[in-house]
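The lines below spell out each chain.
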Amino acid sequence: MLALVAVLTLIATRDLGQLRWVALLAVASVPAVVAPGHRRVAPLARFAEVVIVGLAAGQVAAAATINDAMPGLAASAILPYLAVPLTAAALHNRSREGIILLTVAAATLTVGGTIASSDGGRQITQIGYLASAAQWLILAGLGISAAGTLQRIVQARGESRPQPYAEATRLLTQLRSVARQLPGATLDPGSISEHLLEELRAVAPSDRAAVLSASGGGRLVVLAQAGVDRVDWETTLDADSAIADAWASQQPQTANRSQARSHPGGDVSALVVPLVAGVRTVGLVTLEADVANAYPPAVVARVTALTRPAALRLEAALLFDEVRSLATNEERQRLAREIHDGVAQELVMVGYGIDNALASLPEGATETAEELRTLRAEVTRVITELRLSLFELRSEVDRHGGLAAAIAEYARTVGASAGLRVHYTLDESTARLPAATEAELLRIAQEAITNARKHAGATNLWVTCTIDPPFAQIEVSDDGQGITDQRPDGRYGLAIMAERAERIRGRLEISPRHPSGTTVAVVLGTSPRRDNVRDSVTASEGE
């Protein structure tokens, strides 16, 4: 703007001396540019700019040599600069200052027009000067109004978009309040699915039923099952099945063949109803009856009437489960980082200090050397425990590997560090448990293995995993001294395992192992009755 008014002033006056007003404006604008938000300096600088423009307008108009038909019109050469201080005041949310500056501008234009004169008289009496002053005062006033409106819009948009953590806090607080008002105060996907199957049993015939939900890797997990026999349901979404069709189309699908991977044959009717919340499919309900044409349109309508509201309840439970899992995993990773970067490094330094002390001992200090070696061995033991704790904190169930593989890897690592011979019996279905349930089962198994390593004094460890969703049984046995002789902190670990089992609606079973040792098992659901036995992988002695 300074460059513009300088050019216009030269064109209007053809007098380099008039550029002194532009120089004064440049000097006056420095404080407002350097400290635009200062409570006193910036307003005073803008006030000075307005005064200089008002006084300069009359002088430039008097010195002008063009447009003799309307004397005073040349004041328009410098008056555009009025927009700078007035708009700046409005953009800094100082509307009162803008009004004051507009009043000061009108007053200084009057004074400047009265002081400046030419052959035609004082500029205040010239029509051109009055027209120019009125025009730019009106434009400046409109600029103040527009800038103030823009500032209010920007602030309103900023207030309507809170920071992510503030928004997360608000939503989680609402979720907590809503969860307390839910029937049964539950946000557990398994409980909601079991309740839905009980409701469906009253309106539709079924010998087998299940609620499936999405999982990682494009597969489905079994949240709940009902029926005499457990079923190995089709859990892939790229197979040629009514389950895959219902998921893709979001419409109920009927079929005259079973949706299980293996079925003895005979007449079968299958009904698959997608659980759609809004535009997203959150799960499927699968019903099967060992008769033909068991699901006519009237029955399908009754089933969908029940599944429609259940979809929203299940979506809320799954989202809550996911948020809880993310928060838990993040906290475990944070603790692992703090332990690794904090106490673990400090213990390593302590070990180095003990080594240096041993190396610098004088000859003959046998007793002191022995005490330092004992202390060094204890520090080494604590560092080993910390490393195993870090491994436990960072261990997760791989979305493609499965729960049994995660437990086996942990048992293998811990067994190698403690000199235990670990024996595995792994029997895992291709179907998956919910991610939160797998995480809890992994932690229970880790705690059982850790207790056996630290407190049992065992030589052998047997780990058995039987997983056939929604059933699962994890069993850890040792040949140590038994549960009755364990230390109190071992009993605290048992209490933690019991709490975790209760959280996933499982049960913890602790029993002595003959001839010696302890067996800790966690059981989820009821044992399936299967006609076929899947291949199990049993590690050889000493692995």
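For the structure itself, look to the data block above.
Residues numbered from 1 in each chain as written. Predicted model: local features only at pLDDT ≥ 70, side-chain atom pairs only at ≥ 80, totals over all residues. Heavy atoms only, no water.

A. Representation of the overall build of the chain within the structure. Counting its regular elements, the chain contains 14 helices and 13 strands. Here the chain, with 543 residues, has 42% of them falling under the buried criterion. The long-range share in the chain, meaning contacts at least 24 apart out of those at least 6 apart in sequence, stands at 67%. Roughly 28200 Å² of accessible area belongs to the chain as shown, and the carbon and sulfur atoms make up 57% of that amount. (Helix = DSSP H or I, 4+ residues; strand = E, 2+ residues; numbered from the N terminus. Buried < 20%, exposed > 50% of the residue type's maximum accessible area, 1.4 Å probe, protein only. Contact = heavy atoms within 4.5 Å. Areas by Shrake-Rupley, 256 points an atom, 1.4 Å probe, with all protein chains shown as cover.)

B. Region of the structure containing the pattern of salt bridges. In total, this model carries 10 salt bridges according to the counting rule given. Arg 208 serves as the salt-bridge partner of Asp 290, at 2.9 Å between the closest nitrogen and oxygen. You can see Asp 290 sitting in the loop between strand 7 (280–289) and helix 10 (297–359) and its partner Arg 208 sitting in strand 3 (residues 208–214), a full 82 residues away along the chain. Given a relative accessible area of 37%, Asp 290 falls into the partly exposed group. Ionic pairing is found between Arg 280 and Glu 315, a salt bridge with its closest N-O pair at 3.4 Å. Taken together, the positions of Arg 280 in strand 7 and Glu 315 in helix 10 put the pair 35 residues apart, joining distant regions of the chain. With relative accessibility at 42%, the residue Arg 280 sits in the partly exposed group. (Salt bridge = Lys/Arg side-chain N within 4 Å of Asp/Glu carboxyl O.)

C. Molecular detail of helix 1 (residues 2–13). Across its 12 residues, helix 1 extends 16 Å between first and last C-alpha, which sits within 8% of the 16 Å expected from 1.5 Å per residue. Taken as a whole, helix 1 has its buried residues at Val 5, Ala 6, Thr 9, Ala 12 and Thr 13. Projection of helix 1 onto a plane perpendicular to its axis shows the buried side chains occupying an angular sector of 135°, all on one side. Turned more than 90 degrees from where helix 1 packs its buried face, Ala 3 and Ile 11 sit exposed. (Expected span 1.5 Å × (residues − 1). Arc of directions from axis to C-beta.)

D. Region of interest: the pairing of strand 3. Burial of strand 3 is extensive: 6 of the 7 residues sit out of reach of the surface. In the sheet, strand 3 pairs with strand 7 via 6 bridges, with the strands oriented antiparallel. Residue Ser 213 lies in a different strand from strand 7, and its bridge partner there is Gly 283. (Pairing = 2+ DSSP bridges.)

E. Spatial organisation of the packing of helix 10 against helix 11 (residues 366–394). Close contact between helix 10 and helix 11 brings their axes to 10 Å; oriented N to C, the two are set at 165°. With respect to helix 11, the element helix 10 is oriented roughly antiparallel. Helix-helix and strand crossings are classified by hand; for helix 10 and helix 11 the assignment is left-handed. Partitioned by chemical class, the residues of the contact of helix 10 with helix 11 number 20 nonpolar, 3 polar and 6 charged. (Axes fitted to C-alpha atoms, helices over the stretch in contact; angles between N-to-C directions. Parallel < 35°, antiparallel > 145°, perpendicular 65-115°, else oblique. Left-handed = near helix turned anticlockwise from the far one by under 90°. Nonpolar A, V, L, I, M, F, W, Y, C, P; charged D, E, K, R; others polar.)

F. Layout of the side chain of Glu 447. Along the chain, Glu 447 turns up in helix 13 (residues 435–456). No salt bridge is formed by the buried Glu 447. Its closest oppositely charged neighbour is Arg 500, at 6.6 Å. Ignoring anything within four residues of it in the chain, the contact list for Glu 447 reads Gly 493 and Met 497. (Lys, Arg positive; Asp, Glu negative; His and termini not counted.)

G. Molecular detail of helix 11. When the terminal C-alpha atoms of helix 11 are compared, their 42 Å separation across 29 residues agrees well with the 42 Å that a helix rising 1.5 Å per residue should span. Looking only at helix 11, the buried set comprises Ala 369, Leu 372, Arg 376, Val 379, Ile 383, Glu 385, Leu 386, Leu 388, Leu 390, Glu 392 and Leu 393. Packed against the buried residues of helix 11 are helix 10, helix 12 (403–418) and helix 13.

H. Region of interest: the nonpolar core. Of all hydrophobic cores here, the largest spans 38 residues; its most connected members are Leu 403, Ile 407, Leu 441, Ile 449, Leu 461, Val 463 and Ile 474. Only helix 12, strand 8 (421–428), helix 13, strand 9 (460–468), strand 10 (471–478), helix 14 (488–503) and strand 12 (518–524) provide two or more residues apiece to this core. If sequence neighbours within four positions are ignored, Val 463 has contacts with Ile 407, Ala 411, Val 422, His 423, Tyr 424, Thr 425, Ile 449 and Glu 475. Of all hydrophobic cores here, the second largest spans 35 residues; its members include Val 22, Ile 78, Ala 90 and Val 104. (Core = buried A, V, L, I, M, F, W, Y, C linked by side-chain atoms within 4.5 Å.)

I. Spotlight on the side chain of Arg 376. Summarising the element assignment, Arg 376 is placed in helix 11. A polar atom in the side chain of Arg 376 sits 2.9 Å from the side chain of Asp 355. If sequence neighbours within four positions are ignored, Arg 376 has contacts with Gly 351, Ile 354 and Asp 355. (Polar contact = N/O pair within 3.5 Å; in protein donor to acceptor, adjacent residues only side chain to side chain.)

J. Seen up close, the pairing of strand 6 (residues 269–277). Burial analysis of strand 6 places 8 of its 9 residues in the buried class, the great majority of the element. Two elements, strand 5 (residues 253–255) and strand 6, share 3 bridges in a ladder whose sense is antiparallel. Residue pairing for strand 6: Thr 254 is matched across the bridge by Leu 271. As defined by bridge partners, strand 6 adjoins strand 7 across 9 bridges and the pair is classed as antiparallel. Each bridged residue has a counterpart across the sheet, and for Ala 270 the counterpart in strand 7 is Glu 288.

K. Structural view of the packing of helix 8 (residues 189–201) against helix 10. Helix 10 packs onto helix 8 with a crossing angle of 170° between their chain directions and a minimal axis gap of 9 Å. Judged on the interaxial angle alone, helix 10 and helix 8 are roughly antiparallel. Between helix 8, through Pro 189, Ile 192, Ser 193, Leu 196, Glu 199 and Leu 200, and helix 10, the contact on the second element is made entirely by Val 303, Leu 306, Thr 307, Ala 310, Arg 313, Leu 314, Ala 317, Leu 318 and Asp 321. In the contact of helix 8 with helix 10, the residues fall into 10 nonpolar, 2 polar and 3 charged.

L. The arrangement of the environment of Phe 320 in detail. Considering the arrangement of structural elements, one finds Phe 320 in helix 10. For the pair formed by Phe 320 and Pro 189, sequence separation is 131 residues and the distance between their alpha carbons is 9.3 Å.

M. Layout of the sheet that holds strand 5. An order of 4-3-7-6-5 is seen for the 5 strands of this open sheet, with the pairing classed as antiparallel. Where the open sheet ends on each side, the last strands, each with one partner, are strand 4 (220–227) and strand 5. Averaged over all neighbouring strand pairs, the angle between strand axes comes to 15°, with direction disregarded. Contacts from helix 8 reach strand 3, strand 4, strand 6 and strand 7 within the one sheet, and its direction differs from that of strand 4 by about 40°. Sheet strands touched by helix 10: strand 3, strand 4, strand 5, strand 6 and strand 7. Its angle to strand 6, the strand with the most contacts, is close to 45°.

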